[in-house]
Amino acid sequence: MFQGMLIYGLINSVILALVTLGFNLTFGISGVANFGYGGLYILAGYTIWILFNLLKIPYLVAIVLSILFTAFIGGLMYRFILLRLRGLTNLEVIASLAVGVIILEMFRVAGFIGFEYTLPGFISGSVPIGETLVDAQRLFIVGIGMVLALFLWIFTRYTKTGLAFRGIAQEERTALVLGINSDKMATLSVAFGSGLAAIAAAVILPLGIIAGEGGYTVLLNAVAVCIVGGLGSPGGAVVASFIIGYAQTFTATYLGSHWTMIVSLLAIILILVIKPSGLYGKQKEIEEKV
Amino acid sequence: MKQKVILMVGFFVLGIFFTFPHSAYAQLKPGEPVILGVTAPFAAQLESADALKVATMALEEINAKGGVSIKGVKHPLKIESQDTRDILPGVPVSEALLAVEKVILEKKAHAIAVGPSRSEAFLASMDLAAKYKVPMMACHSMTPVVAKKISEEYNKYKYVFRVGINSMHMAGIVTGMAAFLNKEFGFKKAYLMVQDVLWSRASSAFVESWLQKEGWEVLGKDFFPTGASDFSASLMKAKSTGAQVVIPMFDMPEAGILLKQRNAMKVQAVTAGNIVELAHPEAWKMFGDQIEGCLNTIYEAGNIPVKAMPKTLIFHEAFRKRWGREITIQHGVAPAYDSVYILAAAIERAGSVDPDALVIALEKTDYAGVNGRMRFDKNHEIVYGVNPNETAVNIGFQWQKPGKRVIVYPETVAEGKIQLPPGMKPVK
């Protein structure tokens, strides 16, 4: 069973990292609070379902359209709501969270509840790893997660847009002086992050069902990972994913599944008390303030 | 003398003051509707939405025959509904109570045919029923605490009745199926996977205690919060400890993931418990033969067509005609239909909508409903058993090829025998 815990811990950690990528890009890297992230994740899932099941659009096309649509909605949210609150982080958080909750509740009220809201997996079957059988879809998610993490790392270090995202988070006025349109970059960052949420939804949601509660869980885990890893550090987010992922798996295996939600919350509290800027955070002013 | 006159007038005025609202409330004008409240989380829970639909169906059927007769005068039934949202995580109980109070105070309901769904909310609304003296029926809430409160404080909580099952009844279906698995195949090792809410905790405690008393080995018991979507740790433990029977108890949609993970991890054990999705008539289309051999529960017989209970066949046909689809939920829907009929009959027996008279009339209920013979015990709970001619009935069924729900329990209504899933061998 210990071997199984190690393997599932790894899988859960990579799933956590994949889910967090988009949130980390906007909140961690660009400094834009998008607490509607969970709602956008679920929006992407339901969009794929509607396109595939109701409009009979081919599955891969439905996924691509959903990613584009979710990115568009994210960009719209920033352009028409968050832009007006730029710089006022508390209000950005409240406004974006409100948008996320509206999305989740809208689907609930519209009756999108039930196990029929599932997405087909990409690969079926199980793969034996040692003595543990793992479903192939989870291994597929691990592969996608690694590819996306690498892509994000390269994107934020070696592309103009990625560097601009980091620039507006580090020092916005200097970025402006250098000709970086911070509003445009922030809009792109939120759109990009929303698109990453949609990719995560497309590969992860086939494991189970599309349910509104999943949006709140995604947001909570994403916040925990970014805070523990440190804002502005993709590497930190990956390390934090593994810490929290294994902690959750260990807790579920040896203590009980109903304690796993507390793991993320405890992680946030512990890191804020011990090292507020996070494990690899670059925002030293947080520590200086504390 | 003057003092005596003043005293008499004073008593007369007081008498009018205390009895007038009561007696006025109890006397409907001719043609004035009898108002039944339906307070449940319709938007968030299909069983509540369908409870409203079947209550409406019952109302339409009764009104088509002229309505409810009170002392020879016909009164139509009318439903006033409010969404309590009590099933949603994070929604406080106080919000559900606001909805119930609105139906009582603003909509002037004479009785509530369907109360809040979650036990926590229903227990809290019992105090409202007591405060405003409004008979209230539980169709979804399953906690045994309802009966306990009625038995301990009868005069206060006498207005509350339960038409649906409680968690002990549900546990009884599970233990009934476990007994059969032991008798036929020699299985004696079980692993419990339970949703962390009141009804399932209570049911699982009963099941665990029964299993231990009957000499079973309970290899483990895990609780999952509502919304949990990963069951791999528990399934790993069930597999590594050699469980022969996995007993799940869930009413959340995410529980369907358990079956996907069970099959991926190739856990060789019979699944015999309660997963809401498995009760759905289309579950085979969603999960395919992954659910072959899974044993599941229908809490109240009326929620599934039962050949041995003709009223269920008529009820399901009527629902299909009225709403264009099947009943897909195993709990709380059929009781809501019977609840309206039970209340209508009680109002006719009482000859009034006076709450105290209604309570006495409800206690004398003996109604042949879609769930079987409906009679209340001394704690205002419908009596459930194994013979529909004597009691209301719960159902255990198994998914069998080519994608059919075969009723296997109780024997009085069974339409087939339990079969082992592919790849599993009996121990004896």
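Below, the discussion takes up the nonpolar core. Ala-200 of chain A together with Leu-36, Ala-55, Ala-113 and Val-245 of chain B are the most contacted members of the largest nonpolar core, which totals 231 residues. The dominant element in this core, judged by the number of residues it contributes, is helix H8 (residues 182-204) of chain A, at 15 residues. In terms of domain composition, this core takes at least three residues from each of domain 1 (31-165 + 308-385) and domain 2 (168-298 + 394-409) of chain B. In contact with Ala-200 of chain A, not counting residues within four places along its chain, are Leu-18, Val-19, Leu-21, Gly-22 and Tyr-41 of chain A.

As a further point, take the interface of chain A and chain B. Residue-level contacts link 26 residues of chain A with 27 residues of chain B. At the level of secondary structure, the elements contributing two or more residues to the side of chain A that touches chain B comprise helix H1 (2-29), helix H4 (89-109), strand S2 (132-135), helix H9 (212-229) and helix H10 (234-254) of chain A. Its residues assigned to classes, the side of chain A that touches chain B comprises 11 nonpolar, 11 polar and four charged.

Residues and elements named next belong to chain B. Structurally, Ala-392 can be placed in strand S17 (residues 392-393). The spacing of Ala-392 and Glu-300 is 92 residues in sequence and 7.6 Å in space, taken between C-alpha atoms. The contact partners of Ala-392, leaving out residues within four places of it in the chain, are Glu-300, Asn-371, Gly-372, Arg-373, Met-374, Ile-382, Val-383 and Tyr-384.

Residue and element names in this part refer to chain B. A residue-level look at chain B finds 96% of positions with pLDDT of 70 or above and a mean pLDDT of 90. A low-confidence stretch, residues 19-25 stays under pLDDT 50, and its non-local contacts, those more than four residues away or across chains, total zero contacts. Across the interface, the model reports ipTM at 0.74; the global pTM reads 0.75.

Residues and elements named next belong to chain B. Taken in spatial order, the three strands of this open sheet run S13-S18-S19, and their pairing is antiparallel. Only two strands of the sheet have a single neighbouring strand rather than two, namely strand S13 (295-298) and strand S19 (404-409). Strand-to-strand twist of the sheet, defined as the mean angle between neighbouring strand axes without regard to direction, takes the value 40°. One ladder, built from five bridges, connects strand S18 (residues 395-400) with S19; its direction is antiparallel. Of the residues in S19, the one forming a bridge with Gln-400 is Lys-404.

What follows is about unusual backbone geometry. Lys-401 of chain B connects to Pro-402 of chain B through a cis peptide bond whose omega is 5°. Structurally, the position occupied by Pro-402 of chain B is in the loop between S18 and S19. Omega for the peptide link from Tyr-409 of chain B to Pro-410 of chain B comes to -5°, which places this bond in the cis form. Tracing the sequence through the fold places Pro-410 of chain B in the segment after S19. Despite not being glycine, Lys-56 of chain A shows a phi value in the positive range, around 60°. Position of Lys-56 of chain A relative to the elements: it lies in the loop between helix H2 (37-54) and helix H3 (59-80). For Lys-56 of chain A, a count of 8 C-beta atoms within 10 Å puts it in the exposed group. Not every positive phi belongs to a glycine, and Lys-108 of chain B is a case in point at roughly 55°.

With that settled, consider the pairing of S18 of chain B. Residues and elements named next belong to chain B. A large share of S18 lies buried, amounting to five of its six residues. Inspection of the sheet shows S13 paired to S18 by four bridges, in the antiparallel sense. Paired with Asn-296 across the bridge in S18 is Phe-397. The antiparallel pairing of S18 with S19 creates a hairpin that spans three residues between the two strands, and Gly-403 there sits at a positive phi of about 100°.

So, about helix H5 (residues 145-152) of chain B. All names here are of chain B. Among all positions of H5, only Val-146, Ala-147 and Ile-150 are buried. Looking straight down H5, one finds its buried side chains confined to an arc of 95°; they lie on one side. With respect to the buried face of H5, the exposed residues turned more than 90 degrees away are Lys-148 and Glu-152. Buried residues belonging to H5 abut helix H4 (119-132), strand S6 (136-138), helix H6 (154-157) and strand S7 (160-162).

We now examine the packing of H4 of chain A against H9 of chain A. Residues and elements named next belong to chain A. Taken N-terminus to C-terminus, the directions of H4 and H9 make an angle of 160°; their axes are 9 Å apart at the nearest point. In terms of orientation, H4 lies roughly antiparallel with respect to H9. H9 is crossed by H4, and the crossing has right-handed handedness. Along the contact surface, H4 presents Gly-100, Leu-104, Phe-107 and Arg-108, while H9 presents Gly-212, Gly-215 and Leu-219.

As a further point, take the confidence of the model for chain A. With 96% of its residues at a pLDDT of at least 70, chain A reaches an overall mean of 86. Between residues 286-290 of chain A, whose pLDDT stays under 50, and residues either more than four places distant or in other chains, the model counts five contacts.

Further remarks concern the pairing of strand S1 (residues 34-40) of chain B. Residues in a regular strand project their side chains so that they alternate between the two faces of the sheet. Residue and element names in this part refer to chain B. Of all seven residues that make up S1, seven are buried, and the element is covered over most of its length. The side-chain alternation of S1 yields two buried faces, one formed by Val-34, Leu-36, Val-38 and Ala-40 and the other by Ile-35, Gly-37 and Thr-39. By the bridge criterion, seven bridges tie S1 to strand S4 (residues 77-83) in an arrangement that is parallel. Looking at S4, one finds that Ile-35 is bridged to Lys-78. Of the strand pairs in this sheet, S1 and strand S5 (residues 111-114) are connected by three bridges, and their pairing is parallel. Each bridged residue has a counterpart across the sheet, and for Val-38 the counterpart in S5 is Val-114.

Take the domain arrangement of chain B next. Each assigned domain of chain B is listed with its residue range as follows: domain 1 (31-165 + 308-385) and domain 2 (168-298 + 394-409). For domain 1 of chain B versus domain 2 of chain B, the distance between C-alpha centres works out to 29 Å.

Residues and elements named next belong to chain A. Orientation of H10 relative to helix H11 (residues 260-274), taken along the N-to-C sense of each, is 145°, at an axis distance of 8 Å. Between H10 and H11 lies a crossing of right-handed hand. Between H10 and H11, the contacting residues are Ile-244, Ala-247, Gln-248, Thr-251 and Ala-252 on the first element and Thr-260, Val-263, Ser-264 and Ala-267 on the second. Along the lines of polarity and charge, the residues of the contact of H10 with H11 split into five nonpolar, four polar and no charged.

So, how was this worked out
Position labels on residues start from 1 in each chain and follow its written sequence. Lettering of chains starts at A and numbering of ligands starts at 1, both following the order in which they are written. In keeping with the model being predicted, local features are shown solely for residues with a pLDDT of at least 70 and side-chain atom pairs are shown and tallied solely at 80 or more, while totals for entire chains, interfaces and linings include all residues. In plain words, the nonpolar core is the set of buried Ala, Val, Leu, Ile, Met, Phe, Trp, Tyr and Cys residues that C-beta atoms within 7 Å link up. Residues with at least 20 other C-beta atoms within 10 Å of their own are called buried, those with 12 or fewer are called exposed, and the rest are partly exposed. The C-beta atoms themselves are positioned from the backbone. Strands are runs of DSSP state E lasting at least two residues, helices are runs of H or I lasting at least four, and both sets are numbered from the N terminus onward. The domain limits used here are those given by an automatic or database domain assignment. For every residue pair, C-beta atoms are placed from the backbone, and the pair is scored as a contact if these atoms sit within 7 Å. Three residue categories are used. Nonpolar comprises Ala, Val, Leu, Ile, Met, Phe, Trp, Tyr, Cys and Pro, charged comprises Asp, Glu, Lys and Arg, and polar comprises the others, including Gly. Confidence scores here are pLDDT values: one per residue, from the predictor, ranging 0 to 100. Strand pairing requires that DSSP identify at least two bridges connecting the strands. Axes here mean lines fitted to C-alpha atoms, for a helix over just the part in contact, with angles spanning 0 to 180 degrees between N-to-C directions. Throughout, the arc means that of the directions going from the helix axis to the C-beta atoms. Angle categories: roughly parallel below 35 degrees, roughly antiparallel above 145, roughly perpendicular from 65 to 115, and oblique for all the rest. Handedness of a crossing is defined here by the sense of rotation of the near helix relative to the far one, left-handed for an anticlockwise turn of less than a right angle and right-handed for a clockwise turn.

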